[in-house]
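# Structural overview for review
The chain contents come next:
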Amino acid sequence: MTRKTMWRTAVAGGAAAVFTGLAAVPAGAAEGGVSFTRVKVNGGKPIVIGVKEEVEIPASVRMTTKLKFKGVPMVYPYRGKLGKGDELWSATGGTDPRVVDPKKGVYDFDVAFYIHPRHADLKNKDAGTWKTCARISLVGGGHDVDDENLPLQVKRATRLTVNATPEPVTKGKTLTVKGTVTRANWDTHTYQGYAGRTVSLQFKPSGASSYKTVKKVTSGSKGALKTTVKATESGTWRWTYYGNSTSGARSSSGDHVALR
């Protein structure tokens, strides 16, 4: 099937990942005369996954080989021993190669892997640091799989809401700003309140182009946020959470409050 400009292959049944299945290879070793370099994944940003939507993670890789190969390389996260640990992907895809040096067998590829939280055996314990490997299938059977010495951060998505009252507000009076911070629970496929988080209340004056932090608030037992500020000018309020090693960063939408 097609997806944008890429062809895509899913594992059997369209089901997904965190599974074991490749032959063991020492990390960094190249079987059969294949090497991978210049591996980039998701622009260096963390992979943030919610509870319903499939996530597409773009990657690129340079492959050097004089062997005949099938398809395009796969690039994806793994944990444990290369070829015998866990892998994290629901499907993979890629474009036709750009030939860099036909005599030396150097090819550049744009590839992608996909993670669907509903179809993968994805659990909360899987959030954190993964390693990266690249793999290619060879004509006549067999494959080459190498560790790429590239840590990947896989994080649970967060969400925030905001509500500032009263609207409009009299200049100099108290404005109450509430909200909630929640985090994806991959065990239950729901978002749940994220307690004890330091969340920034931010304000953007009318006509301004950026937000500034006004104060920081710690979320309550169910992720509730609440604080008060003095209304001095019209503008937009939002909450921002900057994330941690297992949870993604996120800002709420803005709530505009005018002065009267």
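Preceding this section is the structure that the text describes.
Keep in mind the model is a prediction, meaning the values are calculated, not measured.

Scanning the model with the defined rule gives six aromatic pairs in all. Here the aromatic rings of Tyr-107 and Phe-109 are separated by 6.4 Å at their centres, their planes lie at 40 degrees, and the arrangement is tilted. Judged by its relative accessible area of 18%, Tyr-107 is buried. The exposure class of Phe-109 is buried, given its relative accessible area of 0%. Measuring from centroid to centroid gives 5.9 Å for Tyr-194 and Tyr-241, while their planes differ by 85 degrees, and the two rings are edge-to-face. Here Tyr-241 lies in strand S20 (residues 235–241) and Tyr-194 lies in the loop between strand S16 (190–193) and strand S17 (198–205), a separation of 47 residues in the sequence. The exposure class assigned to Tyr-194 is buried, which follows from its relative accessible area of 8%. On the basis of relative accessibility, which here comes to 4%, the residue Tyr-241 falls in the buried class. These aromatic residues form a ring-pair network of at least three members: Phe-69, Tyr-107 and Phe-109. Looking at Arg-197, its charged tip hangs above the ring of Tyr-194, at a distance of 4.6 Å from the centre. Lying across the ring of Tyr-211, Arg-238 places its NZ or CZ 3.8 Å from the centre.

Let's shift gears to a positive patch on the surface. A contiguous patch of positive charge on the surface is contributed by Lys-52, Arg-118, Arg-159 and Arg-250. Turning to its location among the elements, Lys-52 is positioned in the loop between strand S4 (47–49) and strand S5 (55–65).

Inspection of the secondary structure assignment puts Arg-118 in the loop between strand S10 (106–115) and strand S11 (128–138). For the pair Arg-118 and Glu-53, spaced 65 residues apart in the sequence, the C-alpha separation amounts to 8.0 Å. Setting aside its immediate chain neighbours within four residues, Arg-118 contacts Val-51, Lys-52 and His-189.

Rules used in this analysis
Residues numbered from 1 in each chain as written. Predicted model: local features only at pLDDT ≥ 70, side-chain atom pairs only at ≥ 80, totals over all residues. Heavy atoms only, no water. Phe/Tyr/Trp six-rings, centres within 6.5 Å; stacked < 30°, edge-to-face > 60°. Buried < 20%, exposed > 50% of the residue type's maximum accessible area, 1.4 Å probe, protein only. Helix = DSSP H or I, 4+ residues; strand = E, 2+ residues; numbered from the N terminus. Lys NZ or Arg CZ within 6 Å of the ring centre and 35° of its normal. Patch = residues over 30% accessible without salt bridge, like charges linked within 9 Å, V, L, I, M, F, W, Y side chains within 5 Å. Areas by Shrake-Rupley, 256 points an atom, 1.4 Å probe, with all protein chains shown as cover. Salt bridge = Lys/Arg side-chain N within 4 Å of Asp/Glu carboxyl O. Lys, Arg positive; Asp, Glu negative; His and termini not counted. Charge placed at Lys NZ, Arg CZ, Asp CG, Glu CD. Contact = heavy atoms within 4.5 Å.

Coordinates in, geometry out; function isn't part of it.
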